[in-house]
Amino acid sequence: MLRALRELDLTLNVVRYASEQKGLARALVNLESDLLVPTALLFAIDVANHQGDIVATNSDNPDKALRAVDQPYFRHFSEHTRLGDTLYVGPAVRDPKTGKSRMMFARRLTDANNAFAGVVSVSIDPEYFTSAYEPSRMGLNGTMGVVGSSGDLIVARSGDQVIRGNDAPTLKHVIPTPEDEGKVKLLLNPWDGVMRYTVSERLNMFNITTVVGLSEEEQLASFRQREQAYRWLGMFVSVLVIVLGLLWRQLARSRSRVLKAQATYLAASEASRDATFVMHSLCDAKGVISDFVLTDANSRGVALLNLNKSAMLGKPIGTLLPNIRGTRTFTVLCQVVNTGVAHDQEWQNHEPAIRAQWLHAQVVRAGSGVVAIVRDISERKRIEAELVRRNNELTTVNHKLTATHQQLVQSEKLASIGLLAAGVAHEINNPIGFVLSNIGALDGYFNSLLQMLDTYQETESQLSDPALRARILELKDRVEFDYLKDDIPALMRETKDGIERVRKIVQDLKNFSHVDNAQDWQMANLNDGINSTLNLVNSEIKYKAEIIKEYGDIPLVECLPSEINQVVMNLLVNAAHAIGETRGKITVRTSSADNAVSIEVEDTGCGIVPENLVKIFDPFFTTKAVGKGAGLGLSLSYGIVQKHAGQMSVHSVQGTGTIFRVTLPQKQSTQKIDIMPSL
């Protein structure tokens, strides 16, 4: 069948090549005589131009339509001109006049500009696919068929019987799944009920599935013919069993050798540093293990139990170790016998009869019992505990050193910020004071002058000298007197507003650094501190993000305000840096619950990759470029929050944004955390 499909596709390509080289009308000239295409009895070939007119055909049917424009294959290529070099495979369609089915295969024709130039098509009887059926190879009940993509039978042949698609139901179960491709399956074909070993293969290029099957009965016939041979084979197997029995006797003679090997094992066991115990299981009437009998133990085992060997052997372990029945050790012994799975464990000993504090045991099944290899690991455990203790001490010291370093850096940074804020506030406050005072005086002077000018203006009409009056009017027009009367007061108001804004910035600087207050714990309004910090970092943020304030009605919090402001400033600056070229949003929220106040800073930036989330609070860790950050901002902030007995957490989604959350208790405990922890 695959050869027939390839021959059909080759015919399409030969006719297409002839059409593109010699012209559509001469596409079939000499091809049949040169035996380059099959006869019209097998393949009905048509060549249609881009308008749908059939310009070449090998059919001599006078009733044949000369137009293909309404055919599905022509519409397929004319309406989808970008399909390229694809093969069209149509369904099997029954001719209403002849009652026979035909299948259409077609390919697209192109001109020199690779534009749509027409279609070459081949129409065949689907029975052609079953022409390779040979009863000598496939038997009288074999099958060969073609199934469509939806499971509809196109055509099939079994012996001399030809089954067409309209005579059989769909065969979706025949279409192979990817994991069943090419596998042999015993199927009951629905069209005749014969059991067949069937192989199906999907041909993706033709969008069909080929099915080939051989009858189960015909396949077993050859087996039945060889049934006598199989009987002789059975007799041979019986003789072989007898021979194996003789060999078993020979193996029994080798038992002494095994005993010698056991003696070697016992010698090695005595020289081992491990205690070895061999135990046989005892079962009750229901077959449940009730105890174990100690059948052997080496010298290490005798010393571990501190008993006489003769008094140990043959005794149940329930007698030797009365407390063992209710322990996990007894359960493990039973599990090893029942499952055959070896067990390995360490445990701390609480059995007073055993002279060891820590034990390590390996238990394996041996027949109906177990072999337990036990080692005293008390000294190793003591050394491990000492190492853990020393490691914990070193870790504690390291944490204290790290905290001390962080506090030193933080103190130096906060001191620098406080000095800077104090200096700026002091230097700006003085000129602002006298400038604001002078502007107020100047505003009063101007109002007085304006009153006098209004009085002079009232006397203009009483001037007797026309030339003087004209000169005054010309001067008023030239200096735009009426405009100045309106504009100068506006300028004064704007100047006062600007100076007030400068004063507000200075006040925010003082609030941020708290230069007017000692660095003592005090009750502070976090919303006011956030507003002051936002004013200070406004130049860093205003061009990158929109600030959204979602303040809650929160109580006063006992804290060091300047340090909390430092935390908020670090979070805001980091949020601005995380936002790329596109303007984003930074949301600041405050809320209170359960005697605690929370501050959230959320941005719409690039987010933090998961592998960096566990390291962002480490000192000197930064994801910024070299020279852009020291990696101390979040580390210092985390230390400040810890000093306030608070919590700091982060949630980030890469490509979406990050949320930092700081939670502080409303009131501190009576014993404050030292700013400089001692070692």
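The rules behind each value
Residues numbered from 1 in each chain as written. Predicted model: local features only at pLDDT ≥ 70, side-chain atom pairs only at ≥ 80, totals over all residues. Heavy atoms only, no water. Pairing = 2+ DSSP bridges. Helix = DSSP H or I, 4+ residues; strand = E, 2+ residues; numbered from the N terminus. Axes fitted to C-alpha atoms, helices over the stretch in contact; angles between N-to-C directions. Contact = heavy atoms within 4.5 Å. Patch = residues over 30% accessible without salt bridge, like charges linked within 9 Å, V, L, I, M, F, W, Y side chains within 5 Å. Areas by Shrake-Rupley, 256 points an atom, 1.4 Å probe, with all protein chains shown as cover. Salt bridge = Lys/Arg side-chain N within 4 Å of Asp/Glu carboxyl O. Buried < 20%, exposed > 50% of the residue type's maximum accessible area, 1.4 Å probe, protein only. Phe/Tyr/Trp six-rings, centres within 6.5 Å; stacked < 30°, edge-to-face > 60°. Lys NZ or Arg CZ within 6 Å of the ring centre and 35° of its normal. pLDDT = per-residue confidence, 0-100. Left-handed = near helix turned anticlockwise from the far one by under 90°. Expected span 1.5 Å × (residues − 1).

A. Representation of the pairing of strand S2 (residues 54-57) within the structure. Sheet analysis places strand S1 (residues 43-49) next to S2, joined by 3 bridges and oriented antiparallel. In the sheet register, Asp-46 faces S2, and the bridge partner there is Thr-57. Counting the residues between successive antiparallel strands, the hairpin from S1 to S2 contains 4 residues, one of them, Gly-52, with a positive phi of roughly 95 degrees.

B. Highlighting the sheet that holds strand S23 (residues 647-653). In spatial order, the strands read S19-S21-S22-S24-S23; together these 5 strands make up an open sheet with mixed pairing. Each edge of the open sheet is held by one strand with a lone partner, namely strand S19 (545-550) and S23. On average, adjacent strands in this sheet sit at an angle of 15 degrees to one another, irrespective of strand direction. Of the strand pairs in this sheet, S23 and strand S24 (residues 657-665) are connected by 7 bridges, and their pairing is antiparallel. Residue pairing in the sheet places Val-653 in a bridge with Gly-657 of S24. Most of the contacts of helix H16 (residues 561-578) go to strand S22 (residues 596-603), to which it runs at about 20 degrees, and overall it touches strand S21 (584-593), S22, S23 and S24.

C. A nonpolar patch on the surface, seen in detail. On the surface, a nonpolar cluster with roughly 900 Å² of combined accessible area is contributed by Tyr-230, Leu-233, Phe-236, Val-237, Val-239, Leu-240, Val-241, Val-243, Leu-244 and Leu-247. Tracing the chain through its elements places Phe-236 in helix H5 (residues 227-253).

D. Broad picture of the pattern of salt bridges. This model, assessed by the stated rule, comprises 16 salt bridges. When the shortest N-O distance is used, the salt bridge between Lys-643 and Glu-563 registers 2.8 Å. Taken together, the positions of Lys-643 in helix H18 (residues 633-643) and Glu-563 in helix H16 put the pair 80 residues apart, joining distant regions of the chain. With respect to burial, Lys-643 and Glu-563 carry one shared label: buried. A salt bridge links Glu-600 to Arg-589; its shortest N-O distance comes to 3.1 Å. With a gap of 11 residues between them, Glu-600 in strand S22 and Arg-589 in strand S21 connect regions that are remote in the sequence.

E. Representation of unusual backbone geometry within the structure. Of note, the phi angle at Asp-594 is positive, near 55 degrees, even though the residue is not glycine. Looking at where Asp-594 falls in the secondary structure, it is placed in the loop between S21 and S22. Phi is positive for Asn-595, close to 60 degrees, though the residue is something other than glycine. You can see Asn-595 is positioned in the loop between S21 and S22.

F. Representation of the packing of aromatic side chains within the structure. All chains considered together, the criterion is met by 3 aromatic pairs. Of note, Lys-381 hangs over the ring of Trp-358, and the distance from its end group to the ring centre comes to 4.7 Å.

G. Seen up close, the confidence of the model for the protein chain. Averaged over every residue, the pLDDT of the protein chain is 78; the share at 70 or more is 82%. Predicted confidence for residues 671-679 stays below pLDDT 50, and this span has 19 contacts to residues more than four positions away or in other chains.

H. Molecular detail of the packing of H16 against H18. Look at H16 against H18: their axes get within 9 Å of each other, and the N-to-C directions meet at 145 degrees. Along this stretch, H16 crosses H18, giving a crossing that reads as left-handed. Where H16 abuts H18, its residues Glu-563, Ile-564, Gln-566, Val-567, Asn-570, Leu-571 and Asn-574 lie against Gly-633, Leu-634, Ser-637, Ile-640, Val-641 and Lys-643.

I. Spatial organisation of helix H1 (residues 2-22). Compared with an ideal rise of 1.5 Å per residue, which puts 21 residues at 30 Å, H1 spans 30 Å between its outermost C-alpha atoms and is within 8% of the ideal. Every buried residue of H1 is listed here: Ala-4, Leu-5, Leu-8, Asp-9, Thr-11, Leu-12, Val-15, Arg-16, Ala-18 and Ser-19. Where the residues of H1 are buried, they touch S1, strand S3 (87-89), strand S5 (101-110), strand S6 (116-124), strand S11 (195-203) and strand S12 (208-215). Of the residues flanking the end of H1, it is Gly-23, one or two places downstream, whose phi is positive at about 100 degrees.

J. Molecular detail of the sheet that holds strand S16 (residues 358-366). Read from one edge of the open sheet, 5 strands run S14-S13-S17-S16-S15, paired in antiparallel fashion. Sheet topology places strand S14 (289-297) and strand S15 (343-348) at the edges, where each strand pairs with a single neighbour. Strand after strand, the sheet turns through a mean of 30 degrees between neighbouring axes, direction not considered. Two elements, strand S13 (residues 275-283) and S14, share 7 bridges in a ladder whose sense is antiparallel. Paired with Cys-283 across the two strands is Ile-289, which belongs to S14. Across the sheet, helix H10 (residues 328-339) touches S13, S14, S15, S16 and strand S17 (369-376), and the angle it forms with S14 is around 90 degrees.

K. Up close: the side chain of Asp-125. Looking at where Asp-125 falls in the secondary structure, it is placed in the loop between S6 and helix H3 (135-138). Excluding residues within four positions of it along the chain, Asp-125 makes contact with Lys-100, Ser-101, Arg-102 and Arg-164.

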